[in-house]
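Single-letter residue listing:
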Amino acid sequence: MLDLIRSLRRAVRRAGPLSRHFNIIILVSVLFLWLCARLPAVPAAGQDGEGVAPSIAGRVLDSQGGPVGDAEVFVYVDGQDEPIAESISHFEDGTFLAELPGHLSRATLHLEIKRPHFEDKTLSLSVEDQADLRDGNTIRLLDIVLTRRVTLGFWVATLSFVGVLLLMAFERLHNTTATLLGASVILAVSYIGGAFFPGAHIISFEEAIKHIDFEVIFLVMSMMIVVGILEGTGIFQWMAFMAYRLSRGRPIILVIILVVITSVASALLDNVTTMLLMAPISLQIALALNLDPLALVIPELMASNVGGISTLIGTPTNILIGSYADIGFNDFLINLTPGVAIALVVLVLYVRWVYRAEYRKIAGGISPTLYAKLEDNAQIKDPAKLRKGLIVFAVMLVLFVAGDALHLNPAVTSLLGATAFLVWVDTDIERMLEHVDWTTLVFFMALFIAVGAIQEVGLVSFIADFLAGVTAGQPVMGLIILVWASAFISTAIANIPFTAAMLPVIGFLSVGLDPGHTKYLFYGLSVGSAMGGNGSLIGSSPNVVAAGILERAGYPITYAKFLRVGMPAMLLTVLTGILWLLFRFFVIPA
Amino acid sequence: MSIILCATRGGEASLRTQTRAIAIAKERGASLLYIFVADARFIHNVSEAIVVDAETEIEHMGEFLLLMAKERAEQAGVAAEYVVARGNFAEAMKQTARERRVDLVIFGSPGEESSVTQLKFLETLCQDITGELGIEAVIV
């Protein structure tokens with residue numbers, strides 16, 4: 001080895017400056033490999049010559065069959081106060097492995113399982129199991145099911161979560177402030193209250209952090225950068241103007257084109273951005289055609305609410321669902337996009353009927369000055385940036401589609417895309433990071449903690465038990481109830497916290513479903529929570545955005561006025577969505 | 001020639017305001033200066049991320065609406081210009097009135113349906129403009 005190093009040194013000295021760097025790298029690599037070879041090998045399990053210690057393996061579950069993590073498992077010898085072994089169940093699957101001392105006495109063993117928010121459980125080992133352990137074997141216990149316990153912490157967490165929803169619904173606090181307040185109350189009660197009353201403990205900070213879904217955080221953040229760059233190019237406004245030109249003054253043709261543009265844009269980007277960019281230019285086009293702006297903007301926003309469902313990245317609720325239930329980009333495309341397309345056709349027929357008087361109007365035509373202004377407002381602002389941006393975005397879409405085969409997480413794809421945008425399309429990092437809405441990211445993190453808390457204390461389990469009882473093992477009925485309930489609830493409260501809270505509930509309900517179709521309830525949640533947004537003015541963020549823009553333009557829309565148009569649209573599209581899901585999951589073979 | 005500053009948007013209520021402003025401008029032999037304040041505070045009520053410069057989009061929309069108002073005024077034989085401002089409505093009105101040295105400020109009476117500008121708010125603003133700037137301000 002020393003000879004090898006000496007000869008490498010001589011070679012480095014002889015080489016020029018460039019090849020010297022190269023040689024130094026080779027030298028360091030060789031040294032590293034030599035060092036690795038000198039390290040003692042790690043013995044494989046069971047090959048250390050000392051035999052395998054007797055151990056007890058098992059899994060801790062709740063009453064729905066869901067894994068219970070962080071449960072403390074103690075192994076006692078009867079009559080002794082100190083445990084001879086202990087273990088903690090894994091967060092992901094509830095499994096544990098308690099390794100016992102090598103030499104066991106003939107005394108009887110028992111297990112104690114402790115977990116906050118569950119009743120303590122004691123388990124005696126059978127004679128055969130104890131004999132196996134004394135022989136140095138590992139025994140595998142039957143699944144240990146813990147029973148929920150309602151504590152003071154349960155009520156605090158439940159009231160905190162309901163309080164968050166109410167604060168958001170009545171706009172008493174900013175959504176982020178409301179969720180942050182909820183999460184803070186939960187943690188404060190856990191630590192300060194829990195110190196005096198053990199039953200007040202809800203969740204530790206470490207457990208709370210585990211509930212934050214960083215896949216969602218990174219996906220949302222990266223897509224903000226992508227959308228932020230693309231929106232600045234003026235592509236949306238240009239497409240709307242092209243729709244105006246293509247329609248040649250025929251309102252229904254214009255509506256169809258705008259519905260298609262809006263739904264596709266909402267599916268690939270996000271629907272709030274789509275509406276913020278499409279509504280102002282559509283309003284101008286409506287005025288240019290002498291139409292009531294509502295006759296263009298309302299169909300657009302309904303298409304935005306419906307269209308976003310068709311992909312993983314179309315709505316925040318889909319991002320949450322995809323991450324939680326491991327539903328990929330292609331799964332959404334295959335299982336929801338055809339249903340969305342049918343719902344959009346139904347929607348167009350509906351708005352054609354509602355606004356039939358407006359669409360029959362003959363276009364008034366506008367002055368050359370106004371036309372020039374419209375054209376100016378719809379110009380592509382930076383063609384070079386748009387060209388590059390579309391190339392990167394197209395590659396991102398390919399990676400999203402190919403992601404399932406490559407095991408490429410969608411969050412990684414979006415992060416790669418956002419980085420490519422920053423490196424190649426727009427290199428001003430400061431300006432680009434301004435596109436990241438940190439308030440929303442904090443909202444998501446606090447929301448995950450609040451939802452994690454109600455999951456910890458068992459509220460989610462109780463709701464799941466109730467729903468399982470209502471549907472009584474009838475999957476079709478379960479799906480129908482879920483979609484309608486999600487739709488109506490989403491008309492009244494923000495669908496993001498609702499969806500986040502429902503995910504573990506549906507996770508419980510999905511246990512034991514037909515292996516071919518374990519995810520249809522998640523798709524039902526996606527359809528219900530997003531299409532329900534059309535039911536009321538506050539049902540979705542695009543509604544609030546469109547209403548704000550219409551108000552600023554002097555065309556206010558009241559809650560009642562929206563309800564008259566929106567509720568039938570919601571009923572029709574949700575019904576279409578349910579029929580599609582039933583066809584997809586109960587008619588087409590898995 | 002004296003200048004009349006008129007706050008306006010689109011919609012039926014704004015058309016009535018514009019018609020009244022054109023009539024007053026004709027009576028006084030004045031020119032009209034339409035103003036639209038691009039206010040995007042409504043996006044604070046949105047729970048999802050806003051990555052778009054909403055004020056710029058609303059500003060473009062406002063320019064289009066005011067261009068329509070300008071054409072109406074010119075067709076009625078009244079010279080008209082427009083300005084699109086950003087930020088707080090009351091402050092934008094006062095600042096523009098001061099900078100453009102207008103002689104009269106006109107506000108439209110709030111419509112029957114929900115409106116950003118309530119009557120009481122407009123009455124107070126008229127008093128402020130008259131008191132602070134010495135410019136006549138009316139609600140039509």
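Being a predicted model, the structure only gives us computed values, none of them experimental.

**Concerning the overall build of chain B**
- Tallying secondary structure elements over chain B gives 4 helices and 5 strands in all.
- N-terminal to C-terminal, the α/β element order of chain B is β-α-β-α-β-α-β-α-β.
- On C-alpha atoms alone, chain B measures out to a radius of gyration of 15 Å, which is about the 14 Å that the 2.2 N^0.38 rule sets for 140 residues.
- With the principal axes as the frame, chain B shows a C-alpha extent of 50 × 35 × 30 Å.
- The 140 residues of chain B split such that 55% are buried.
- Partitioning the intrachain contacts of chain B with sequence separation of at least 6 by distance along the chain shows that 71% fall at a separation of at least 24.
- On chain B, roughly 6,400 Å² of surface is accessible, and the fraction owed to carbon and sulfur atoms is 46%.

**Observations concerning empty space enclosed by the protein**
Residue and element names in this part refer to chain A.
- In the structure shown here, the tally under the stated rule is 4 cavities of 30 Å³ or more.
- Of all elements in the fold, only α7 (214-231), α12 (316-325) and α19 (438-457) reach the threshold of two or more residues within the lining of the largest cavity.
- In terms of residue count, the dominant contributor to the lining of the largest cavity is α7 (4 residues).
- Here the residues of the lining of the largest cavity sort into 12 nonpolar, 2 polar and 2 charged.
- For the second largest cavity, the calculated volume is near 80 Å³.
- Broken down by secondary-structure element, the contributors of at least two residues to the lining of the second largest cavity are α12, α22 (495-510) and α24 (541-553).
- Residue composition of the lining of the second largest cavity, grouped by class: 4 nonpolar, 7 polar and 1 charged.

**Points about the pairing of strand β3 (residues 85-88) of chain A**
All names here are of chain A.
- Burial along β3 is one-sided: A85 and S87 are buried, while E86 and I88, pointing the other way, are not.
- When strand β2 (residues 72-77) meets β3, the two strands line up antiparallel, connected through 4 bridges. Bridge pairing in β3 places F74 opposite E86.

**Brief notes about the packing of aromatic side chains**
- Taken as a whole and judged by the stated rule, the model has 19 aromatic pairs over all chains.
- Aromatic pair F154(A) and F462(A): ring centres 5.5 Å apart, planes at 75°, arrangement edge-to-face. Remark: F462(A) occurs in helix α20 (residues 459-471) and F154(A) occurs in helix α4 (residues 152-169); sequence separation between them is 308 residues.
- Between F89(B) and F121(B), the ring centres sit 6.3 Å apart and the planes meet at 45°, which makes this aromatic pair tilted. Taken together, the residues span a long stretch of sequence, with F89(B) in helix α3 (residues 89-99) and F121(B) in helix α4 (residues 119-133) at a distance of 32 residues.
- Its end group placed over the ring of F585(A), R584(A) keeps NZ or CZ at 5.4 Å from the ring centre.

**Describing the interface of chain B and chain A**
- In this complex, chain B contributes 32 residues to the contact, which on the side of chain A involves 43 residues.
- Where chain B abuts chain A, roughly 3,600 Å² becomes buried across the two surfaces, and 62% of that area is made up of carbon and sulfur atoms.
- In this structure, the connection of chain B to chain A is made through 3 salt bridges.
- Note that K381(A) is salt-bridged to E57(B), the shortest N-O span being 4.0 Å.
- Put simply, chain B and chain A have 8 residue pairs in polar contact (both at pLDDT 80 or more) between them.
- No other element matches the 11 residues that helix α2 (residues 54-75) of chain B contributes to the side of chain B that touches chain A.
- The class makeup of the residues in the side of chain B that touches chain A is 16 nonpolar, 8 polar and 8 charged.

**Focus on the packing of helix α11 (residues 294-307) of chain A against α24(A)**
Residues and elements named next belong to chain A.
- At a minimum axis separation of 10 Å, α11 and α24 run at an interaxial angle of 165°. By the angle between their axes, α11 is roughly antiparallel relative to α24. Note on packing geometry: the crossing formed by α11 with α24 is right-handed. Of α24, the residues touching α11 (which contributes L294, V297, L301, S304 and N305) are P542, N543, A546 and L550.

**Let's talk about α22(A)**
- A maximum bend of about 30° is found in α22(A) at L503(A), where proline P504(A) lies one to four positions downstream.
- Most of α22(A) sits out of view: 15 of its 16 residues are buried.

**Focus on the sheet that holds strand β6 (residues 121-124) of chain A**
All names here are of chain A.
- The strand order across the open sheet formed by 4 strands is β3-β2-β5-β6, and the pairing between neighbours is antiparallel. Edge positions in the sheet fall to β3 and β6, since each has one partner strand and no second. Neighbour to neighbour, the strand axes of the sheet diverge by 20° on average, direction disregarded.

**Looking at the pattern of salt bridges**
Residue and element names in this part refer to chain A.
- Using the criterion set out here, one finds 20 salt bridges over all chains in the structure.
- Note that K361 and E358 form a salt bridge whose closest N and O atoms lie 3.1 Å from each other.
- Classification of K361 as partly exposed rests on a relative accessible area of 35%.
- Taken together, the shared-partner salt bridges in this structure form one network comprising K385, D426, D428 and R431.

**Describing the confidence of the model for chain A**
- For chain A, per-residue confidence averages 88 on the pLDDT scale, and 90% of positions sit at 70 or higher.
- When the criterion is pLDDT under 50, residues 40-50 of chain A qualifies, and its contacts beyond four places in sequence or with other chains add up to 2 contacts.

**Notes on the layout of surface pockets**
Residues and elements named next belong to chain A.
- When its volume is computed, the second largest pocket comes out at roughly 790 Å³.
- Considering the residues around the second largest pocket, the lining is formed by 29 residues, among which F91, H211, Y324, Q455 and P504 are closest to the centre.
- Looking at the lining of the second largest pocket, the elements that each hand over two or more residues are α6 (205-211), α12, α19 and α22.
- Of the residues belonging to the lining of the second largest pocket, the class tally is 15 nonpolar, 7 polar and 7 charged.

**Some thoughts on the environment of T158(A)**
Residue and element names in this part refer to chain A.
- As for its placement among the helices and strands, T158 is situated in helix α4.
- Each residue touching T158, except ones within four places of it in the same chain, is listed here: I454 and L459.
- There is a polar contact of 2.7 Å between the side chain of T158 and the backbone oxygen of F154.

Conventions we followed
Residues numbered from 1 in each chain as written. Chains lettered and ligands numbered in written order. Predicted model: local features only at pLDDT ≥ 70, side-chain atom pairs only at ≥ 80, totals over all residues. Heavy atoms only, no water. Helix = DSSP H or I, 4+ residues; strand = E, 2+ residues; numbered from the N terminus. Rg over C-alpha atoms; globule rule 2.2 N^0.38 Å. Buried < 20%, exposed > 50% of the residue type's maximum accessible area, 1.4 Å probe, protein only. Contact = heavy atoms within 4.5 Å. Areas by Shrake-Rupley, 256 points an atom, 1.4 Å probe, with all protein chains shown as cover. 1 Å grid on protein atoms, 1.4 Å probe; cavity = no way out; pocket = protein on both sides within 12 Å on 5 of 7 lines; lining within 4 Å. Points joined across faces, edges and corners; volume = space filled by probe spheres on them. Nonpolar A, V, L, I, M, F, W, Y, C, P; charged D, E, K, R; others polar. Pairing = 2+ DSSP bridges. Phe/Tyr/Trp six-rings, centres within 6.5 Å; stacked < 30°, edge-to-face > 60°. Lys NZ or Arg CZ within 6 Å of the ring centre and 35° of its normal. Buried area = accessible area lost by both parts, 1.4 Å probe. Salt bridge = Lys/Arg side-chain N within 4 Å of Asp/Glu carboxyl O. Polar contact = N/O pair within 3.5 Å; in protein donor to acceptor, adjacent residues only side chain to side chain. Axes fitted to C-alpha atoms, helices over the stretch in contact; angles between N-to-C directions. Parallel < 35°, antiparallel > 145°, perpendicular 65-115°, else oblique. Left-handed = near helix turned anticlockwise from the far one by under 90°. Bend = angle between axes of the 7 residues up to and from the residue. pLDDT = per-residue confidence, 0-100.

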